[in-house]
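This is what each chain is made of:
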Amino acid sequence: MTWLTAYFTVYSIVGWIIRAGMLPTVLRRQFTPGAALAWLGIVSLHPYIGLSLYLLVGENRLGRGREARHRELVARYRHPDATPTPPSPIGAERDEAWKPVATQAMKVGQLPVLGANAVDFLIDSTAMTDRLVADINGARSTVHLLYYIFSPDATGQRVVAALIAAAGRGVACRVLADAYASGGIFRRNGLAAHLRQHNIQVAQALPRALNRRRDLRNHRKLAVIDGVIAFAGSQNLIDADYGGRCGGPWHDLTGRMTGPIVSELSALFAEDWAFETEELLEVVAFSDRPADARGIEMQAVPTGPVKASESYRRVLLAAIQCATRRLILTTPYFVPDDPTLVALMMAADRGVDVTLIVPRTPDQFFTAWAARSHFAKLMDSGVSIFLYRPGLIHSKTATVDDTVALFGSANLDVRSFNLNFELSILAYGPEVTDRLRDIQMAYVQDSTRLDLKRWSSRSVLRRYGEAAVSLVSPLL
């Protein structure tokens, strides 16, 4: 036997050992059927590549010590025993309409509905930055920023200047940015070092570690000023063209909030800050916030990869299932799993007017092709699909009838369902839902509606390409 024959014999035997070993490993993880089949398919086709990919991105793990610490901080800063929904002064009928969504959100995020809030929706990138900078300039005690992307471009520099001025007045400023997406600011002599020179605390969210999955990310966008003003939504601290990325300019939506909901968002920042720095911050308890019959009832819903029960998918499915007349969703990335896809089609089947708004020109090839593999079956069920023309629609929103408005950082994809730390805001009642729907309808006016007949006539090569990419969509 030559050395080459021996090599290929060992290579083949080890490959079959990997295949055999991966079968119980994948079954033990209890993936969705689609994800399990995708992993087993990759391992069967090429066991060495499949094993390498699985070791890199197959396990949703933070590391045992980090997971235990996260549970401790959730117990400290959230209130799992709070009442899911307060008595509504508006009327029992409305209470019943949104109570299933609020109850599910409470189960997932362990934060209750709080009344007497106000929210302004900011849809222009420059206007949002103007408002944030103005509030930082008016800060008296604390400025807390948590962002997936903090870029040293013109927008980032405006925020930096406001932070430095605030720190100079004695305001305690803390910045938490994702270690991967904001990696540029943490380089030697980068923006983080510059901020620290001005007594501003800066920390990385989810820095790289050998004992956890590398692509788990903190995708949240949150600012809390003085514990009384909060910004949350889809916009990062970066110019609207996102550095010249495909599909730009990017169109975001951020809510500027005041009222008791800010206490939940303050607690969430404190939780994430302590998770990375071990510094425990004091926040105003929910019960210490004044509440009355006026204002909007709102609820913060943090989700993440620590437990399956904390999935954003559960909140989204609850909202879809509660729709009786109209459901509008916007998302830049549409890679649904089977339960979400079926829920949307079932909503259309029962007569709900379902509208999905996605970018015409996406910035990611694989996610776009995976999304488009589902369009025909959705349209065949009665779902209206619109392709947004002016740029990349990056706002993540949903409105349900006249009762529920949802906005935040979570996309309608597997990453937001299973991997990313996300933040969603639920607002209840016709007034706030109508305002968010007006913004969504403006998106519709700037979009092209897909026609099922024309869509079905696209090239065979394109259809097969989309179908092929969709096979690995559970892993995207």
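Residues numbered from 1 in each chain as written. Predicted model: local features only at pLDDT ≥ 70, side-chain atom pairs only at ≥ 80, totals over all residues. Heavy atoms only, no water.

A. Representation of the nonpolar core in the model. With 47 residues, the main nonpolar core has Met-257, Leu-265, Met-298 and Ile-425 as its most contacted residues. Ranked by residues supplied to this core, first place goes to helix 9 (residues 261-277) with 10 residues. Not counting residues up to four positions away in its chain, the partners in contact with Ile-425 are Ala-232, Met-257, Leu-265, Met-298, Gln-299, Ala-300, Ala-405, Leu-406 and Phe-407. Listed in part, the 46 residues of the second largest apolar core include Leu-317, Leu-327, Leu-329 and Val-404. (Core = buried A, V, L, I, M, F, W, Y, C linked by side-chain atoms within 4.5 Å. Buried < 20%, exposed > 50% of the residue type's maximum accessible area, 1.4 Å probe, protein only. Helix = DSSP H or I, 4+ residues; strand = E, 2+ residues; numbered from the N terminus. Contact = heavy atoms within 4.5 Å.)

B. Fine view of helix 6 (residues 125-137). The terminal C-alpha atoms of helix 6 lie 18 Å apart, and with 13 residues this matches the ideal 18 Å at 1.5 Å per residue to within 8%. Among the residues of helix 6, those classed as buried are Ser-125, Met-128, Thr-129, Leu-132, Val-133, Asp-135 and Ile-136. One face of helix 6 carries all of its buried residues, which in axial projection span an arc of 160°. Next to the buried residues of helix 6 lie strand 1 (114-122), strand 2 (142-147), helix 7 (154-168), strand 5 (221-225), strand 6 (229-233) and strand 8 (254-258). The distance from a side-chain oxygen at the start of helix 6 to the backbone nitrogen of Thr-126 is 3.1 Å, and the residue carrying that oxygen is Asp-124. (Expected span 1.5 Å × (residues − 1). Arc of directions from axis to C-beta. Polar contact = N/O pair within 3.5 Å; in protein donor to acceptor, adjacent residues only side chain to side chain.)

C. Layout of the pattern of salt bridges. One pass over the full model with this rule turns up 14 salt bridges. Put simply, Arg-158 and Asp-130 hold a salt bridge, and the shortest N to O gap is 2.7 Å. Linking Arg-158 in helix 7 with Asp-130 in helix 6, this pair joins segments that are 28 residues apart in sequence. Note on Arg-158: relative accessible area 35%, which makes it partly exposed. With a relative accessible area of 36%, Asp-130 lands in the partly exposed category. Notably, a salt bridge pairs Arg-437 with Asp-434, separated by 3.3 Å at the nearest N-O pair. Of this pair, Arg-437 and Asp-434 both sit in helix 15 (residues 430-445), 3 residues apart, roughly one helical turn. Each of Arg-325, Asp-402, Asp-434 and Arg-437 takes part in a single network of salt bridges with overlapping partners. (Salt bridge = Lys/Arg side-chain N within 4 Å of Asp/Glu carboxyl O.)

D. Spatial organisation of the packing of helix 6 against helix 7. Relative orientation of the contacting elements helix 6 and helix 7 amounts to 10°, with a least axis distance of 9 Å. Comparing the axis directions of helix 6 and helix 7 gives the class roughly parallel. On helix 7, the residues touching Thr-126, Thr-129, Asp-130, Leu-132, Val-133, Ile-136 and Asn-137 of helix 6 are Thr-155, Arg-158, Val-159, Ala-162, Leu-163 and Ala-166. Class assignment of the residues belonging to the contact of helix 6 with helix 7 gives a composition of 7 nonpolar, 4 polar and 2 charged. (Axes fitted to C-alpha atoms, helices over the stretch in contact; angles between N-to-C directions. Parallel < 35°, antiparallel > 145°, perpendicular 65-115°, else oblique. Nonpolar A, V, L, I, M, F, W, Y, C, P; charged D, E, K, R; others polar.)

E. View of the confidence of the model for the protein chain. Scored by pLDDT, the protein chain has a mean of 86; 83% of the residues are at 70 or more. Counting interchain partners and residues more than four positions distant, the pLDDT-below-50 stretch residues 82-93 has 21 contacts. Segment residues 288-292: pLDDT under 50, and 10 contacts once partners within four positions in sequence are set aside and those in other chains are kept. (pLDDT = per-residue confidence, 0-100.)

F. Layout of unusual backbone geometry. One non-glycine residue, Asn-199, adopts positive backbone phi at about 65°. As for its placement among the helices and strands, Asn-199 is situated in the loop between helix 8 (191-197) and strand 4 (201-205). Its relative accessible area of 69% is what places Asn-199 among the exposed residues. Despite not being glycine, Asp-401 has its phi angle at roughly 50°, a positive value. Tracing the sequence through the fold places Asp-401 in the loop between strand 15 (396-400) and strand 16 (404-408).

G. Up close: the environment of Lys-107. With respect to the helices and strands, Lys-107 occurs in helix 5 (residues 92-109). A relative accessible area of 62% places Lys-107 in the exposed class. Along the sequence, Lys-107 and Val-315 sit 208 residues apart, while their C-alpha atoms lie 9.2 Å from each other.

H. Local environment of the pairing of strand 18 (residues 422-428). Taken across its 7 residues, strand 18 has 7 buried, putting it largely inside the fold. Of the two faces of strand 18, the one carrying Glu-422, Ser-424, Leu-426 and Tyr-428 and the one carrying Leu-423, Ile-425 and Ala-427 are both buried. Strand direction decides the pairing type here: strand 9 (residues 296-303) and strand 18, joined by 7 bridges, are antiparallel. Residue pairing for strand 18: Glu-297 is matched across the bridge by Tyr-428. As defined by bridge partners, strand 16 adjoins strand 18 across 5 bridges and the pair is classed as antiparallel. Bridge pairing in strand 18 places Leu-406 opposite Leu-426. (Pairing = 2+ DSSP bridges.)

I. Region of the structure containing helix 10 (residues 312-322). Taking burial as the measure, the 11 residues of helix 10 include 9 buried ones, the bulk of the element. Along helix 10, the residues that are buried comprise Tyr-312, Arg-313, Val-315, Leu-316, Leu-317, Ala-318, Ala-319, Ile-320 and Cys-322. Capping the start of helix 10 is the job of one residue whose side-chain oxygen sits 3.0 Å from the backbone nitrogen of Arg-313: Ser-311.

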